[in-house]
Amino acid sequence: MSIGELAKATGTKVVTVRYYEKIGLLPEPPRTSGNYRAYSAAHRERLHFIRRCRDLGFTLEQIRELLDLSGKTDRDCAAVDRLALDHLVEIERKIADLKKLEMELRRLSACCQGGRIGDCRIIEALSAP
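Structural notes, computed from the coordinates. (Residues numbered from 1 in each chain as written. Predicted model: local features only at pLDDT ≥ 70, side-chain atom pairs only at ≥ 80, totals over all residues. Heavy atoms only, no water.)

Here Ala7 shows up in helix H1 (residues 3–10). By relative accessible area, which is 5% here, Ala7 ends up buried. Sequence-wise, Ala7 and Arg18 are eleven residues apart; in three dimensions their C-alpha atoms are separated by 10.0 Å. The residues contacting Ala7, other than those within four sequence positions of it, are Thr12, Lys13, Val14 and Val17. (Helix = DSSP H or I, 4+ residues; strand = E, 2+ residues; numbered from the N terminus. Buried < 20%, exposed > 50% of the residue type's maximum accessible area, 1.4 Å probe, protein only. Contact = heavy atoms within 4.5 Å.)

Here's what the structure looks like:
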């Protein structure tokens, strides 16, 4: 398939496909006689995996490690478990931060009595060091 077909099949932008190739997450495909990239089903599956990991918030370096580990099917899965648990801890921290942010924005919004922006308590609170 062409790069455009691969991008469409995986919901990825063409420029992102090229970037993943450049940084080595996606292997470069063979070229056609016309020098076009010719992607296989394996490229599509790998790109789906990368996209899913990105959607779940994994970093590119974590994805690189997961891809490396996925090729070692006879190995113990402790390294994969560690990566997942490390990521879970980070996600839980972000959720806690978002909950604090939610509470603060609710508090600030409750203080709003309308009026002019120059007197806005939300802007004032956000401007404080």
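With 18 residues, the main nonpolar core has Val17, Leu26 and Ile63 as its most contacted residues. When residues of this core are traced back to their parent elements, those giving at least two are H1, helix H2 (14–22), helix H3 (41–55), helix H4 (60–70) and helix H5 (78–111). Considering every element that reaches this core, the biggest residue donor is H4, with four residues. Those residues within four positions of Ile63 in sequence are excluded, and the remaining contacts are Leu25, Ile50, Cys53, Arg54 and Phe58. (Core = buried A, V, L, I, M, F, W, Y, C linked by side-chain atoms within 4.5 Å.)

Once that is clear, we can look at H3. The first and last C-alpha atoms of H3 sit 21 Å apart over 15 residues, in line with the 21 Å expected at 1.5 Å per residue. Turning to H3, its buried residues number three or more, namely His43, Leu47, Ile50 and Cys53. The buried residues of H3 occupy an angular sector of 120° when the element is viewed end-on, so they sit on one face. Opposite the buried face of H3, at more than 90 degrees from it, the exposed residues are Glu45, Arg52 and Asp55. Those residues of H3 that are buried are in contact with H1, H2 and H4. (Expected span 1.5 Å × (residues − 1). Arc of directions from axis to C-beta.)

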